[in-house]
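In case you want the letters, here they are:
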Amino acid sequence: MSRRGFLAGSTSLLAAPAIAQSSSVNGEETVEVERDLSEVVRRNVSSFRSLNWEPYFSNLKGGACLVDTTSRALHFWSEDQSVYKLYPTSVPLTEDLTRLGRTSVVRKVEGPSWRPTPSMRKRNPEWPEFVGPGPDNPLGTHALYLSWTYYRIHGTHDTRKIGRRSSNGCIGLYNEHISELYALTKIGTQVLLI
């Protein structure tokens, strides 16, 4: 193929509408669909900037996680301020599945198992009642259980979900990121979802 042919083919791909990587359950989308690339859309890349912890927390006792559901980013500060991390996340599919406010890490599990919540089972009766640790587990390789019932910060094996509205309430990270965050957090780490 000549350079001119390659360039002509490449530009026609750019003009085509974006194809979302999505899946559906009972005919309903389970991840958000990307818009037409020709539309001007504010992306969250500008939100991936360092933040100071003081506007969000009165102290860093036990460390702190700030989850910004708008920019789809998780910020972590260690108690001694020697570590600051910024991770891209997935966030809940809808506003009614999104819980905002203050909570904390109450349990940490490496190789978590998963059970859909009663409301998930009602919406998706074909889902399994239990999934053990492994590549089919929606919680990925590690999970930080929050003081709110059914809410977690966890990994995902489905990397298409990161940066999108795709969860039933939890905050998802790439498995390598949740593994790192898991090692940095402790029981009692403060968490704020905004």
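See the structure printed just above.
Here goes a summary of the coordinates provided. Worth saying up front: this structure is predicted, and the values here are computed from it rather than measured.

### Concerning the nonpolar core
A general trend in soluble globular proteins is that nonpolar side chains are found buried together. In terms of nonpolar packing, the biggest core is built from 19 residues, with L74, L144, I153, I171, L173, L181 and V191 touching the most fellow members. At the level of elements, strand 3 (64-68), strand 4 (73-77), strand 8 (142-146), strand 11 (171-174), helix 3 (175-184) and strand 12 (190-193) are the ones that each hand at least two residues to this core. With sequence-adjacent residues up to four places away left out, I171 is seen in contact with V67, T89, S90, V91, P92, R152, I153, H154 and L193. In this structure, W114, M120, W127 and A143 belong to the second largest nonpolar core, which totals eight residues.

### Structural notes on the sheet that holds strand 8
One open sheet accounts for eight strands, arranged 5-4-3-12-7-8-9-11; its pairing is mixed. Single-partner strands in this sheet number two, and they are strand 5 (84-88) and strand 11. When the angles between neighbouring strand axes are averaged without regard to direction, this sheet yields 25°. Alignment of strand 3 against strand 4, held across five bridges, turns out to be antiparallel. Within the sheet, the bridge partner assigned to C65 lies in strand 4 and is F76.

### Here we look at unusual backbone geometry
The phi angle at R72 is positive, at roughly 60°, despite the residue not being glycine. Inspection of the secondary structure puts R72 in the loop between strand 3 and strand 4. Using a relative accessible area of 14% as the deciding quantity, one classes R72 as buried. For Q81, which is not a glycine, the phi torsion comes out positive at approximately 65°. Structurally, Q81 can be placed in the loop between strand 4 and strand 5.

### Thoughts on the pairing of strand 3
The buried count for strand 3 comes to five of five residues, which makes it a mostly enclosed element. Burial along strand 3 is two-sided: A64, L66 and D68 facing one way and C65 and V67 facing the other are all buried. The hairpin formed by strand 3 and strand 4 contains four residues between the paired strands, and R72 there has a positive phi angle of roughly 60°. Examined bridge by bridge, strand 3 and strand 12 share four bridges and lie parallel to one another. In the strand pairing of strand 12, A64 is matched with Q190.

### Describing helix 3
Residue pairs three or four apart in sequence face the same way in an α-helix, which turns once every 3.6 residues. Among all positions of helix 3, only N175, I178, L181 and Y182 are buried. In a view along the axis of helix 3, the buried residues occupy a sector of 125°, so they form one face of it. In this structure, helix 3 carries E176 and A183 as exposed residues pointing more than 90 degrees from its buried face.

### Thoughts on the environment of F57
One can find F57 in the loop between strand 2 (28-29) and strand 3. When the C-alpha atoms of F57 and L192 are compared, they prove to be 8.5 Å apart, with 135 residues separating the residues in sequence. Setting aside chain neighbours within four positions, we find F57 in contact with A64, C65, L66, W77, R102, Q190 and L192.

### Describing the pattern of salt bridges
Tallied over the full model, the rule gives four salt bridges. A salt bridge links E79 to K186; its shortest N-O distance comes to 3.4 Å. Separated by 107 residues along the polypeptide, E79 in the loop between strand 4 and strand 5 and K186 in the loop between helix 3 and strand 12 bring together distant segments of the chain. According to the relative accessible area criterion, E79 is partly exposed, its value standing at 42%. Residue K186 is classed as partly exposed on the basis of its relative accessible area of 41%.

Rules behind the numbers
Residues numbered from 1 in each chain as written. Predicted model: local features only at pLDDT ≥ 70, side-chain atom pairs only at ≥ 80, totals over all residues. Heavy atoms only, no water. Core = buried A, V, L, I, M, F, W, Y, C linked by side-chain atoms within 4.5 Å. Buried < 20%, exposed > 50% of the residue type's maximum accessible area, 1.4 Å probe, protein only. Helix = DSSP H or I, 4+ residues; strand = E, 2+ residues; numbered from the N terminus. Contact = heavy atoms within 4.5 Å. Pairing = 2+ DSSP bridges. Axes fitted to C-alpha atoms, helices over the stretch in contact; angles between N-to-C directions. Arc of directions from axis to C-beta. Salt bridge = Lys/Arg side-chain N within 4 Å of Asp/Glu carboxyl O.

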